[in-house]
Amino acid sequence: MKHSVLVTKRIYPEAFAYLREHVDVEYHDSETSYSPDELLQRLKGKDGTVSQLTDHFTAEVINALPKLRVIANVAVGFDNIDLEAATKRNVIVTNTPGVLTETTADFAFALLMAAARRIAEADRFLRAGRWREWNVDLLCGHDVYGSTLGLIGMGRIGQSVARRGRGFQMRLLYHDATRQDSQSEKELGIEFVPLETLLRESDYISLHVPLLPETEKLIGAGELSQMKKTAVLVNTSRGPVVDEQALAEALANGTIAAAGLDVFEREPEVEPKLLKLENVVLAPHIASASTETRKKMCRMAAENAVAALEGRRPENLVNTSLG
Ligand code: GLV
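These remarks concern the structure in this document. Worth saying up front: this structure is predicted, and the values here are computed from it rather than measured.

### Focus: the site of the ligand
Here is step 1: Near the ligand you find Leu-53, Ala-75, Val-76, Gly-77, Leu-100, Arg-238, His-285 and Met-297, and these make up its full shell.
Here is step 2: Between Arg-238 and the ligand, the recorded distance is 2.7 Å, taken from a side-chain N or O atom to an oxygen atom.
Here is step 3: For the ligand, whose accessible area on its own is 190 Å², the fraction buried by protein is 90%.
Here is step 4: The class makeup of the residues in the shell around the ligand is five nonpolar, two polar and one charged.

As structure tokens, then:
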């Protein structure tokens, strides 16, 4: 008998076709997530699931599903899954790293540029019919080229953003829980500094850490107050890494100059104060959203699910103690 898999939300057709060749699929071909109750009901009796970051796998959910063997998340992040509970119950968790690195780094840099050069604000200005003539100080932003970029988190995506920064002749500072080896620091042209130094000296600060208890509200009022008044903060990691209230206040009162945000504390809600500000560029969690990349992420998750159910070690195993 074939294994049964729940696909919790729409995925690209190629990935669905792959799954259908290998397993029995229940497909929720929808843009809307199941409610927590419905998710649980649909998962009952399933061997695996291809899930998305809007599905919450709490310990309670995991423990109520004795048959479940794999959660294949279509995302590099997996903070929507209680990893400890999954591991305890021998449920394999997989993610989709690598394929989204460059796309996400592109988007982080796009947000950086947009915030620095006020592109979204300029677009709104023009469309509102407010453009009268060329002026020497019309919508002036700040230079990116030759400035200092501070990267918090130096995993794959942080490194790719560093490479882009290098192309812009930026001075590259970084801070992370683990330091890169000196060869990698040299190749990337990055300098390890304490967080305080990074906050104080960077013109642009971009976040590339996973959401963990240690990184929750990593950037709050205290950290924002240490940044330059001209600083720009970019967040493509996870919303709760930044205290959104504190950031809105810092942007409103000029503690920092601008921000570019792709992720929020309570998605899809956005702190109302942020929506009123001109100096923040807002995007609906789309940093990895190129068609090419999203196709690869879906396919990767499907392959991970099938591998786990066929007793092979999935390529992107998160809870490696089960491998
Ligand atoms: C998206 O945020 C992801 O984790 O892939």
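### Considerations on the packing of helix 1 (residues 13–22) against helix 13 (residues 291–309)
Each pair of packed helices can be summarised by the angle the axes make with each other and by the distance between the axes.
Here is step 1: Relative to each other, helix 1 and helix 13 sit at 15°, their axes nearing to 8 Å. Taken together, the axes of helix 1 and helix 13 are roughly parallel relative to one another. Handedness of the helix 1/helix 13 crossing: right-handed. Contacts between helix 1 and helix 13 involve Glu-14, Ala-15, Tyr-18, Leu-19 and His-22 from the first element and Lys-295, Cys-298, Arg-299, Ala-302, Glu-303 and Val-306 from the second.
Here is step 2: Residue classes in the contact of helix 1 with helix 13 are distributed as six nonpolar, one polar and four charged.

### Some points on the packing of aromatic side chains
Here is step 1: Taken as a whole and assessed by the stated rule, the structure comprises three aromatic pairs.
Here is step 2: Ring geometry for Phe-16 versus Tyr-27: centroids 4.4 Å apart, planes at 25°, classification stacked. In this pair, Phe-16 is assigned in helix 1 and Tyr-27 in strand 2 (residues 24–27), connecting sequence segments eleven residues apart.
Here is step 3: Taking relative accessible area as the criterion, Tyr-27 reaches 23% and is therefore assigned partly exposed.
Here is step 4: When the ring of Phe-109 is compared with that of Phe-168, the centres are 4.9 Å apart and the planes differ by 45°; the resulting orientation is tilted. Here the residue Phe-109 occupies a position in helix 5 (residues 101–116), and Phe-168 occupies one in the loop between helix 7 (156–167) and strand 7 (171–175), the gap between them amounting to 59 residues.

### Notes on the sheet that holds strand 1 (residues 4–7)
Here is step 1: What the five strands build is an open sheet, ordered 2-1-3-4-5; its pairing is parallel. Two strands in the sheet have a free side with no partner beyond their single neighbour: strand 2 and strand 5 (92–94). Strand after strand, the sheet turns through a mean of 15° between neighbouring axes, direction not considered.
Here is step 2: In this sheet, strand 2 lies alongside strand 1 in parallel orientation, the contact comprising four bridges. Across the sheet, the residue bridging to Ser-4 is Asp-24, located in strand 2.
Here is step 3: The strands that helix 1 touches are strand 1, strand 2 and strand 3 (48–51); relative to strand 2, the one it contacts most, it runs at about 140°.

### Here's the deal with helix 1
Here is step 1: Of all the residues in helix 1, the buried ones are Ala-15, Phe-16, Tyr-18 and Leu-19. Angularly, the buried residues of helix 1 cover 160° about the axis, an arc narrow enough to put them on a single face. Among the exposed residues of helix 1, those pointing more than 90 degrees away from its buried face are Pro-13, Arg-20 and Glu-21.
Here is step 2: Where helix 1 is buried, its residues meet strand 1, strand 2, strand 3 and helix 13.

Reading the values: rules and limits
Residues numbered from 1 in each chain as written. Predicted model: local features only at pLDDT ≥ 70, side-chain atom pairs only at ≥ 80, totals over all residues. Heavy atoms only, no water. Near = heavy atom within 4 Å. Polar contact = N/O pair within 3.5 Å; in protein donor to acceptor, adjacent residues only side chain to side chain. Areas by Shrake-Rupley, 256 points an atom, 1.4 Å probe, with all protein chains shown as cover. Nonpolar A, V, L, I, M, F, W, Y, C, P; charged D, E, K, R; others polar. Axes fitted to C-alpha atoms, helices over the stretch in contact; angles between N-to-C directions. Helix = DSSP H or I, 4+ residues; strand = E, 2+ residues; numbered from the N terminus. Parallel < 35°, antiparallel > 145°, perpendicular 65-115°, else oblique. Left-handed = near helix turned anticlockwise from the far one by under 90°. Contact = heavy atoms within 4.5 Å. Phe/Tyr/Trp six-rings, centres within 6.5 Å; stacked < 30°, edge-to-face > 60°. Buried < 20%, exposed > 50% of the residue type's maximum accessible area, 1.4 Å probe, protein only. Pairing = 2+ DSSP bridges. Arc of directions from axis to C-beta.

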